[in-house]
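# Geometric and topological summary
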Amino acid sequence: MTMSPTSARAMPDIARDAEPGAAGQLDWVGMDEIAVPVRLANPDGIIVQSPARVAAYVNLKRADARGIHMSRLYLHVDRHLSSEPLTPCSLRRLLRDFLDSHADLSDRARVGIRFDHMIRRPALASDNSGWKTYPVTINASMDAGGFAVEVETEVLYSSTCPCSAALARQLIQEQFDADFPEGQALDRHQVIAWLGSEAGIRATPHSQRSSAHVRVRLAAGFDLPIIDLIDLIESALQTPVQTAVKREDEQAFALLNGQNLMFCEDAARRMQEALDADERIVDFWLRAAHLESLHPHDAVAYASKGVEGGYLASQLD
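The sections below set out a description of the structure shown in this document. Since the structure is predicted, the reported quantities are computational estimates derived from the model, not experimental observations.

Summarising the element assignment, His69 is placed in the loop between strand 2 (47-60) and helix 2 (70-81). The buried category is assigned to His69, whose relative accessible area is 15%. Separated by 118 residues in the primary sequence, His69 and Asp187 place their C-alpha atoms 84 Å from one another. Discounting residues that sit within four places of it in the chain, His69 has contacts with Ser101, His102 and Leu105.

Printed below as a string of structure tokens:
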């Protein structure tokens with residue numbers, strides 16, 4: 001008898017039917033680097049789409065089960081993330097589908113979503129603007145203890161060393177004392193000209209591109225504050241790297257650096273204070289890294305909110 005092309009055909013399901021070679025529960029099983037677009041609402045309410053990489057996992061609580069249904073995880077990820085805006089509610093629904101489709105195998109689920117978020121930033125002084133890219137990771141989990149969401153990002157900024165600035169000022173003072181010895185009448189215009197010359201700026205403090213890596217756990221009832229979080233960090237540090245830069249913008253940036261001298265400890269404490277005051281954030285972890293121009297190594301400081309059972313400042317990643 002000839003089988004019709006549309007006839008149902010039983011296919012082997014090794015993951016369901018075969019016994020595992022060695023029995024045991026597994027903490028997480030799933031897929032990483034799933035390519036899928038994510039949809040985000042910008043501050044104007046317009047939905048924008050960004051390419052993302054997704055990690056999708058459930059636990060395997062049955063020691064006698066060979067494996068999970070990975071295709072189900074993939075299809076849930078594709079359906080949810082490519083069709084609806086990314087929110088805590090949509091993430092909760094996604095994880096609920098993970099667990100419902102693995103009801104006999106799993107009681108924990110998690111998803112991690114990594115993408116670059118582009119924000120148009122105005123120049124400091126001119127009428128120009130340009131795009132900045134911020135790496136963002138959103139992690140969500142669901143288990144018997146409930147549902148949790150965390151947002152992670154990195155912000156680049158400039159840091160000028162306070163110690164180096166003090167040493168530079170001392171050298172400038174010494175040069176002024178040499179060029180305008182005691183007893184010599186000071187001419188205001190001559191001094192102003194001296195200050196604007198290379199002789200007047202005998203030394204400059206060292207500064208460097210620096211990195212703020214921040215991870216926050218969100219309170220229930222709030223949307224994903226991606227741009228707000230980035231703005232909070234940049235406002236605390238005051239010297240984020242720029243995009244379009246004309247001479248007036250570079251001068252304004254130099255002024256900001258001079259007004260915000262900071263060690264990595266200062267940067268970490270600034271962010272710590274800002275994050276601690278935000279009611280949407282129930283826990284945080286941060287790393288301030290100054291990629292030294294003086295040394296071949298970096299200066300790094302860590303901080304956390306100090307919540308019992310939460311993030312630990314001793315976590316180095």
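Still more ground to cover, so stick around.
Here we take up the pattern of salt bridges. Going through the model one piece at a time under the given rule, you end up with 15 salt bridges. Note that Arg217 and Asp283 form a salt bridge whose closest N and O atoms lie 3.9 Å from each other. Note that Arg217 is positioned in strand 6 (residues 207-218) and Asp283 in strand 7 (residues 281-290), a separation of 66 residues in sequence. For Asp283, a relative accessible area of 2% translates into the label buried. Through salt bridges with shared partners, one network takes in Arg121, Lys132, Asp231 and Glu234.

Attention now moves to the nonpolar core. Counting residues in each nonpolar core, the largest one holds 60 residues, and the members touching the most others are Phe98, Ile113, Phe115 and Ile138. Beyond its immediate stretch of four places on either side in the chain, Phe98 contacts Ala56, Tyr57, Val58, Leu73, His76, Val77, Ala109, Arg110 and Val111.

Now for helix 7 (residues 247-259). Between its first and last C-alpha, helix 7 extends 18 Å over 13 residues, near the 18 Å set by a 1.5 Å rise per residue. Among the residues of helix 7, Asp249, Leu256 and Asn257 are the ones counted as buried. One side of helix 7 holds all its buried residues, which, seen down the axis, span an arc of 100°. Exposed residues lying more than 90 degrees from the buried face of helix 7 are Arg247, Gln251, Leu255 and Gln259. Along its buried surface, helix 7 packs onto strand 5 (146-160).

Rules used throughout
- All residue numbers here refer to positions counted from 1 along the written sequence of the relevant chain.
- Whole-chain, interface and lining totals are the exception, using all residues; otherwise, since this is a predicted model, local features are given only for residues with pLDDT of at least 70 and side-chain atom pairs are given and counted only at 80 or more.
- Excluded from the side-chain calculation are hydrogens and water; included are all heavy atoms of the structure.
- For the purposes of this entry, the term helix denotes a DSSP run of H or I that reaches at least four residues, the term strand denotes a run of E that reaches at least two, and both are numbered from the N terminus.
- A 1.4 Å probe rolled over the protein chains alone gives each residue an accessible area, and that area as a share of the maximum for its type sets the label: buried under 20%, exposed over 50%, partly exposed in between.
- Note on contacts: a residue pair is in contact if any heavy atoms of the two residues lie within 4.5 Å.
- The salt bridge criterion pairs a side-chain nitrogen of Lys or Arg with a carboxyl oxygen of Asp or Glu, the two atoms within 4 Å.
- As used in this record, nonpolar core signifies buried Ala, Val, Leu, Ile, Met, Phe, Trp, Tyr and Cys residues forming a set joined through side-chain atoms within 4.5 Å.
- Expected span, for any helix, means 1.5 Å times one less than how many residues it has.
- Directions are taken from the helix axis to each C-beta atom, and the arc is the one they span.

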